[in-house]
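Topology and contacts: notes
Each chain is listed here by its residues.
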Amino acid sequence: MQLYLPIAELSLNLFMLVGLGGAVGFLSGLFGVGGGFLLTPMLIFSGIPAPVAVASVTGQVVAASTSGALSYWRRGGIDLKLALFLIVSGVCGAFGGVWTFGQLRSAGQLDLVISLGYLIFLGSIGSLMLVEAVRSIIKHRQQGNPPPTKLPGKHTWVHGLPMRVRFKRSNLYVSIFPVILIGGGIGFLGSLLGIGGGFILVPALIYLLRVPGSIVIGTSLLQVLAIMAATTILHAVNSQTVDIVLAFTLMTGSVIGAQFGVSAGQYLRGDQLRALLAIIVLAVALRFALSLLLTPSDPFSVAVMTSVGGG
Amino acid sequence: MRLLLALLTLAAVTIEASAQRLVMSTSEPVVSISSNFAGDTITIFGTIEPDVGGSAEQVTNNYNIVISIKGPSGTYVARKKTRQYGIWLNGEQEAYEGFPSYFALVSSAPLEKIADPGVLSVAGLAFDSAPHIRPVRRTQNTDPFAQELIRLMKKRGLYSLDEHGVQFLSDTFFSARIALPAHVPNGTYLANTYVFQEGQLIDNAPQRFTVRTVGFERFVANSAKEYSLLYGVVCVILAIFTGWLSGVVFRR
């Protein structure tokens, strides 16, 4: 059944869109990531113009994060104070990202920066996560005792910075600089690359701030929700490329998928979850590496600078 | 463009001495896009008649018809990827203004049998004819990049050539069916029908039709443009509500 998308100005199969949303929603509930880094490239591949795909996915990520965040909220898995710090700095970062997005788009190098950005961040974070998770799994096999929910409380240089703030729920007492830096960085990258940034935020919170595993996903979901809500409105006002029909179709599929993802997550250990996410992240990074390194099948591409039509 | 049309009209009037005239129409003045729009087919039909005061004998046969259908135009950019520092990135680019977003050519016979390429080009009956290729800056790349742009538009199904798309139902009555793909842009379309006889253009007649969204789809598209802030807020509220609702429904 074909569904016409009024902003994208084309028709796509309704069941394909709902299915796509469902699959990504499952992963989103499982790992606490928005799933934008998978959904955006898939939509562009389906023929939806990149600006519409990016802007509509932000709306979908809001819905997926809401249902996920509520699940974690009920389990007490959110550190509100930490989330607030991340959100405020994240919104500032998003403004910078949207501005850079516009500059690169007019210079014709947005595709390159998106590909390089995906490759560098997904590649490095995916590798780090995979190494850490595999090590943890091996250790678990050898010792046979359950892995601690909180990572070994090693104090890194991050914990020696000044202006420390206490985050009770996370059992943390850290400088606010790394918190603001992480929040702002995620906001910037998220709006620039058209992704929620959960897959960067989760490891950053785990490895840099040592946020306990039981808190990290819920807090990350809440931050992604707030930043993506702000970005959706920003896109709607700036470029008018948010397709509400597309976003609603995707979110319907994804909220259902997310519920199953959250349940499935309860049966997997933290290190197994991280290993799985790392493999998915690396696969996406590899896809972007190939697109940059292999000779393109068609060196030419076309872009519309002014909107056509009206009427 | 307007000058060219004026010239064409003038030319048509001058040739009116041969006293034949083209009468044509389209099947629907408005192509409506609703939620289940999956492309549409528009029929263009017409007849070649003796001019006022002329007699039926003046209308002979051996006519050839070429119809051009052009969608709303915009500024298009063609970019070429080149290999630098080991990776492929967008290098040279060329911008073209007034480039039609949709362009179909349908004819009753292969174009080279209807008229010389020069004649067709002057009438704008070639994708790369002068009225359609208006570079923002003219460089050595202008022409090759324009060819690539046309090739990409053909690949997307927005540019098409059908050399057997016009059928003559009698010596003087013809009809043509033009397929509009699902991703056809909204806007005003110009269908121009040209009559050729023995390699000469003897008449042409323009006809406009509109492709536009209707009902809910039109409401959404308009809201996004006119009340963009409110639209964005509604999107977010809808998203949060959907997320919340699913949380309630699936609560375990």
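Residues numbered from 1 in each chain as written. Chains lettered and ligands numbered in written order. Predicted model: local features only at pLDDT ≥ 70, side-chain atom pairs only at ≥ 80, totals over all residues.

**Section: the overall build of chain B**
Put simply, the rule reads: Going along the chain from the N terminus, every DSSP run of H or I of four or more residues is numbered as a helix, and every run of E of two or more is numbered as a strand. A residue is called partly exposed when the number of other C-beta atoms within 10 Å of its own lies between 12 and 20, exposed at 12 or fewer, and buried at 20 or more, with C-beta atoms placed from the backbone. With C-beta atoms placed from the backbone, a contact is any residue pair whose C-beta atoms sit within 7 Å.
Helix and strand content of chain B: six helices and 13 strands. For chain B, the residues scored as buried account for 35% of the 252 residues in total. Long-range contacts, defined here as pairs at least 24 residues apart, represent 71% of the contacts in chain B between residues at least 6 apart.

**With respect to the overall build of chain A**
We count it as follows: Two things to know: the radius of gyration comes from C-alpha atoms, and the globule rule equals 2.2 Å times the number of residues to the power 0.38.
Scanning chain A from N- to C-terminus turns up ten helices and five strands. Compactness check: chain A gives a C-alpha radius of gyration of 19 Å against a globular reference of 19 Å for 311 residues, within 12% of the reference. On the principal axes, the C-alpha backbone points of chain A span a range of 65 × 40 × 40 Å. For chain A, the proportion of its 311 residues judged to be buried stands at 52%. Relative to all contacts within chain A whose residues are 6 or more apart in sequence, the contacts with residues 24 or more apart total 80%.

**Observations regarding the nonpolar core**
Burial of nonpolar side chains together is a common tendency in soluble globular proteins. How we decide: Buried Ala, Val, Leu, Ile, Met, Phe, Trp, Tyr and Cys residues whose C-beta atoms connect them within 7 Å together make up a nonpolar core. Each domain's extent was defined by an automatic or database domain assignment.
Judged by nonpolar contacts, the single largest core of 152 residues is most densely connected at Leu225 and Ala247 of chain A together with Ile67 of chain B. When residues of this core are assigned to their parent elements, the largest contribution, 15 residues, is made by helix H8 (residues 213-238) of chain A. Two domains share this core, each providing at least three of its residues, namely domain 1 (2-213) and domain 2 (215-252) of chain B. In this structure Leu225 of chain A touches Val62, Ser65, Thr66 and Ala69 of chain A, once residues within four positions along its chain are discounted.

**Brief notes about the sheet that holds strand S12 (residues 187-197) of chain B**
Residues and elements named next belong to chain B. Under the convention used in this document: Pairing between strands requires that DSSP locate at least two bridges from one strand to the other. Under this scheme, a helix contributes an axis fitted over its contacting stretch, all axes are lines through C-alpha atoms, and angles between N-to-C directions fall in the 0 to 180 degree range.
Spatially, six strands are ordered S2-S13-S12-S4-S7-S9 in an open sheet, and the strand pairing comes out mixed. Edge strands, defined here as strands with exactly one partner in the open sheet, are strand S2 (30-33) and strand S9 (159-162). The average angle at which neighbouring strand axes cross in this sheet is 15°, direction not considered.

**Description of the sheet that holds strand S8 (residues 134-135) of chain B**
Paired through their backbone hydrogen bonds, the strands of a sheet run either parallel or antiparallel. Ordered by their spatial adjacency, four strands build an open sheet running S5(A)-S5(B)-S6(B)-S8(B), and the pairing between neighbours is antiparallel. At either margin of the open sheet sits one strand with a lone partner, and together these are strand S5 (300-304) of chain A together with S8 of chain B. Note: S5 of chain A against strand S5 (residues 73-84) of chain B, five bridges, orientation antiparallel. Looking at the pairing, Val302 of chain A lines up with Ala78 of chain B of S5 of chain B.

**Examining the interface of chain B and chain A**
We count it as follows: When residues are sorted by character, Ala, Val, Leu, Ile, Met, Phe, Trp, Tyr, Cys and Pro go into the nonpolar class, Asp, Glu, Lys and Arg into the charged class, and all the rest, Gly among them, into the polar class.
The interface of chain B with chain A comprises 56 residues on the first partner and 52 residues on the second. With 15 residues, the top contributor of residues to the side of chain B that touches chain A is helix H6 (residues 228-249) of chain B. Partitioning the side of chain B that touches chain A into residue classes produces 28 nonpolar, 21 polar and seven charged.

**Here we look at helix H5 (residues 215-226) of chain B**
This is how it is decided: Given a helix with a known number of residues, its expected span is that number minus one, times 1.5 Å. This arc is taken over the directions from the axis of the helix to the C-beta atoms.
The first and last C-alpha atoms of H5 of chain B sit 16 Å apart over twelve residues, in line with the 16 Å expected at 1.5 Å per residue. By the burial criterion, the buried members of H5 of chain B are Glu217, Ala221 and Ala224 of chain B. Down the axis, H5 of chain B shows its buried residues gathered within 65° of arc, on one side only. Those residues of H5 of chain B that are exposed and aimed more than 90 degrees away from the buried face are Gly215, Phe219 and Glu226 of chain B. Those residues of H5 of chain B that are buried are in contact with strand S1 (2-5) and H8 of chain A together with S2, strand S13 (200-213) and H6 of chain B.

**Quick look at helix H2 (residues 36-45) of chain A**
All names here are of chain A. Most of H2 is tucked away: seven of the ten residues are buried. Every buried residue of H2 is accounted for by Gly36, Phe37, Leu38, Leu39, Thr40, Pro41 and Leu43. Two residues or fewer after H2 comes Gly47, characterised by a positive phi angle close to 105°.

**A word on the UniProt feature "transmembrane region" (unreviewed entry) in chain B**
Stated formally: UniProt positions are given in the numbering used here, feature names are shortened, and annotations may be inferred rather than shown by experiment.
The sites that carry the UniProt feature "transmembrane region" (unreviewed entry) are, in the present numbering, residues 229-250 of chain B. Measuring from the first to the last C-alpha atom of residues 229-250 of chain B gives 32 Å, for a span that is 95% helix and 0% strand.

**Points about the environment of Tyr194 of chain B**
Residue and element names in this part refer to chain B. For Tyr194, the position within the fold is in strand S12. Given 25 C-beta atoms within 10 Å, Tyr194 falls into the buried group. Along the backbone, Tyr194 and Ser107 are 87 residues apart, and their C-alpha atoms lie at a distance of 9.3 Å. Look past the residues within four positions of Tyr194 in its chain and what remains in contact with it is Val66, Ala123, Leu125, Leu201 and Asn204.

**Let's talk about the packing of helix H3 (residues 50-74) of chain A against helix H9 (residues 244-266) of chain A**
All names here are of chain A. The following threshold applies: Here the word oblique covers every angle except those under 35 degrees (roughly parallel), over 145 (roughly antiparallel) and from 65 to 115 (roughly perpendicular). Crossing handedness follows the turn of the near helix against the far one: under a right angle anticlockwise gives a left-handed crossing, and clockwise gives a right-handed one.
It is at 8 Å that the axes of H3 and H9 come closest, and there the two elements cross at 30°. One way to sum up the angle between H3 and H9 is to call them roughly parallel. H9 is crossed by H3, and the crossing has right-handed handedness. Contacts between H3 and H9 pair Ser56, Gly59, Gln60, Ala63, Ala64, Ser67, Gly68 and Ser71 from the former with Leu246, Ala247, Leu250, Met251, Ser254, Val255, Ala258, Gln259 and Val262 from the latter. Residue composition of the contact of H3 with H9, grouped by class: nine nonpolar, eight polar and no charged.

**Quick notes on the pairing of S2 of chain B**
Residue and element names in this part refer to chain B. Burial along S2 is one-sided: Val31 and Ile33 are buried, and none of Val30 and Ser32, which face the opposite way, are. Here S2 pairs with S13 via four bridges, running parallel. Bridging from a neighbouring strand, Ser32 pairs with Arg212 of S13.

**Structural notes on unusual backbone geometry**
Negative phi characterises most residues that are not glycine, and trans characterises most peptide bonds. For Arg210 of chain A, which is not a glycine, the phi torsion comes out positive at approximately 60°. Positive phi, close to 50°, is recorded for Tyr85 of chain B, a residue that is not glycine. With respect to the element layout, Tyr85 of chain B can be found in the loop between S5 and strand S6 (87-100). For Tyr85 of chain B, a count of 5 C-beta atoms within 10 Å translates into the label exposed.

**Re the packing of helix H7 (residues 198-208) of chain A against H8 of chain A**
When two helices pack together, their arrangement is given by the angle between the helix axes and by the axis-to-axis distance. Residue and element names in this part refer to chain A. Closest axis-to-axis distance for the H7/H8 pair is 10 Å, and the angle between their directions is 135°. Put simply, H7 runs oblique to H8. Between H7 and H8 the crossing geometry is right-handed. Here Gly198, Leu201, Val202, Leu205 and Ile206 of H7 lie close against H8, whose contacting residues are Val216, Ile217, Thr219, Ser220, Gln223 and Val224.

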